[in-house]
Amino acid sequence: DLDGTRASAAAAVDEVLRMERPEEGVEDLKDALLLKANVALQAGLDDEARTSLVLVARLDPDLAALNAGLYPPSLVEAFAAARAWSAAAPAATLSVQPRVAGFEPAEVQIDGRPPSPSPLRAGPHLVSVHAPGDVSASRIIVLDDKAPAVFAPFLAPVDAPSRRATLARAAA
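Bear in mind that the values here come from a model prediction, so they are computed numbers and not experimental data.

Chemist: What is the right way to look at the overall build of the protein in this model?
Modeler: Along the protein, the regular secondary structure elements total 5 helices and 9 strands. Start at the N end of the protein and walk to the C end: the helices and strands fall as α-α-α-α-β-β-β-β-β-β-β-β-β-α. Reported as C-alpha extents along the three principal axes, the dimensions of the protein are approximately 65 × 40 × 25 Å. The buried share of the protein, taken over its 172 residues, is 37%. Summing over all exposed atoms, the protein offers an accessible surface of approximately 9,600 Å²; the carbon and sulfur share of this is 55%. On the protein, the mean spot of the 16 positive side-chain charges and the mean spot of the 23 negative ones are 6 Å from each other.

Okay, structure coming up:
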């Protein structure tokens, strides 16, 4: 059942994104994205497969090709095409503007690494923002070369809702 497998693969991706530091689960994320891409190819959803495979290539830039002994030929070929597409994609703009409740500066990671001065390319990127003591925010953001993207997460301490309720009760 392709629909059930697609849903399971999407849930696996979401589970890694909910981790405090998804870049530490990059191998699990790559596995989930490869499964998602394989199922998308079987369902004829080539654009969805390419998005997942481009992100795999960006998360692991040293991965030149998928092992043909481990993956179906269609996935190996689609990965090679996605990797080439990623390298040739036009530049795109992403502005990460975290709002932090605490006093610690936020740490930004793009595709599992600190931002570099090199321009980002259009297509999917894993963007993670962390601040000590606060809840982290991570998203897969698909950049477009025609319009800048903004990621402005609000990072607050895990216990912020209970602290807010305590303050509200004290003020009442």
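Chemist: Can you walk me through the sheet that holds strand β6 (residues 123-130) in this structure?
Modeler: The strands that make up a sheet are held in pairs by hydrogen bonds between backbone atoms, and each pair lies either parallel or antiparallel. If you walk across this open sheet you meet the 3 strands as β4-β6-β7, and the pairing is antiparallel. The sheet terminates laterally at β4 (107-110) and β7 (137-143), the two strands that pair on one side only. Each strand axis lies, on average, 20° off the axis of its neighbour in the sheet, ignoring direction.

Chemist: Would you mind showing me how to read the pairing of β7 here?
Modeler: Looking along a regular strand, one sees the side chains alternate between the two faces of the sheet. Pairing of β6 with β7, which is carried by 7 bridges, proceeds in the antiparallel orientation. Among the inter-strand pairings, Ser128 is bridged to a residue of β7, identified as Ser138. In textbook terms, the turn of a hairpin is the stretch between consecutive antiparallel strands, and for β6 and β7 this stretch comprises 6 residues, one of which, Gly133, has a positive phi near 85°.

Chemist: Any chance you could explain the side chain of Arg58 here in plain terms?
Modeler: Within the secondary structure, Arg58 is located in helix α3 (residues 46-59). Lacking a salt bridge, the buried Arg58 has Asp111 as its closest oppositely charged neighbour, with an N-O distance of 5.1 Å. If near-sequence neighbours (up to four positions away) are discounted, Arg58 is found in contact with Trp85, Ser86, Ala89, Asp111, Arg113, Arg121, Ala122, Gly123, Pro124 and His125.

Chemist: Would you explain the nonpolar core in this entry?
Modeler: Counting 24 residues, the largest nonpolar core has Leu29, Leu33, Leu53, Leu66 and Phe79 as its most contacted members. Among the elements of the structure, α1 (2-17), α2 (26-42), α3 and α4 (73-88) are those that each provide at least two residues to this core. If you tally residues by element for this core, the top one is α3, at 7 residues. Excluding residues that lie within four positions of it along the chain, Leu66 makes contacts with Leu34, Tyr71, Leu75, Val76 and Phe79. Within the second largest apolar cluster, 15 residues are counted, among which are Ile110, Ala137, Ile141 and Leu155.

Chemist: I keep staring at unusual backbone geometry and nothing clicks. Help me out?
Modeler: Backbone phi values are negative for most residues with the exception of glycine, while trans is the configuration of most peptide bonds. For Asp111, which is not a glycine, the phi torsion comes out positive at approximately 55°. Counting through the fold element by element, Asp111 comes out in the loop between β4 and β5 (120-121).

Chemist: Looking at this model, I keep getting lost on α2. Mind explaining?
Modeler: Three or four residues apart is the spacing at which side chains of an α-helix point the same way, because the helix has 3.6 residues per turn. Over its 17 residues, α2 runs 24 Å from end to end, which matches the ideal 24 Å to within 8%, given 1.5 Å per residue. When α2 is considered as a whole, its buried residues turn out to be Leu29, Lys30, Ala32, Leu33, Leu34, Ala37, Asn38, Val39 and Ala40. Among the structural elements, α1, α3, α4 and β6 are those in contact with the buried residues of α2. Just beyond α2, the residue with positive phi is Gly44, at close to 80°.

Chemist: I tried to follow the pattern of salt bridges on my own but got confused; where do I start?
Modeler: One pass over the full model with this rule turns up 6 salt bridges. In this structure, the salt-bridge partner of Asp145 is Lys146, at a minimum N-O distance of 3.4 Å. The partly exposed category is assigned to Asp145, whose relative accessible area is 37%. For Lys146, a relative accessible area of 70% gives the class exposed.

Rules of the game
Residues numbered from 1 in each chain as written. Predicted model: local features only at pLDDT ≥ 70, side-chain atom pairs only at ≥ 80, totals over all residues. Heavy atoms only, no water. Helix = DSSP H or I, 4+ residues; strand = E, 2+ residues; numbered from the N terminus. Buried < 20%, exposed > 50% of the residue type's maximum accessible area, 1.4 Å probe, protein only. Areas by Shrake-Rupley, 256 points an atom, 1.4 Å probe, with all protein chains shown as cover. Lys, Arg positive; Asp, Glu negative; His and termini not counted. Charge placed at Lys NZ, Arg CZ, Asp CG, Glu CD. Pairing = 2+ DSSP bridges. Axes fitted to C-alpha atoms, helices over the stretch in contact; angles between N-to-C directions. Salt bridge = Lys/Arg side-chain N within 4 Å of Asp/Glu carboxyl O. Contact = heavy atoms within 4.5 Å. Core = buried A, V, L, I, M, F, W, Y, C linked by side-chain atoms within 4.5 Å. Expected span 1.5 Å × (residues − 1).

None of the figures reported here should be taken as evidence of function without further support.
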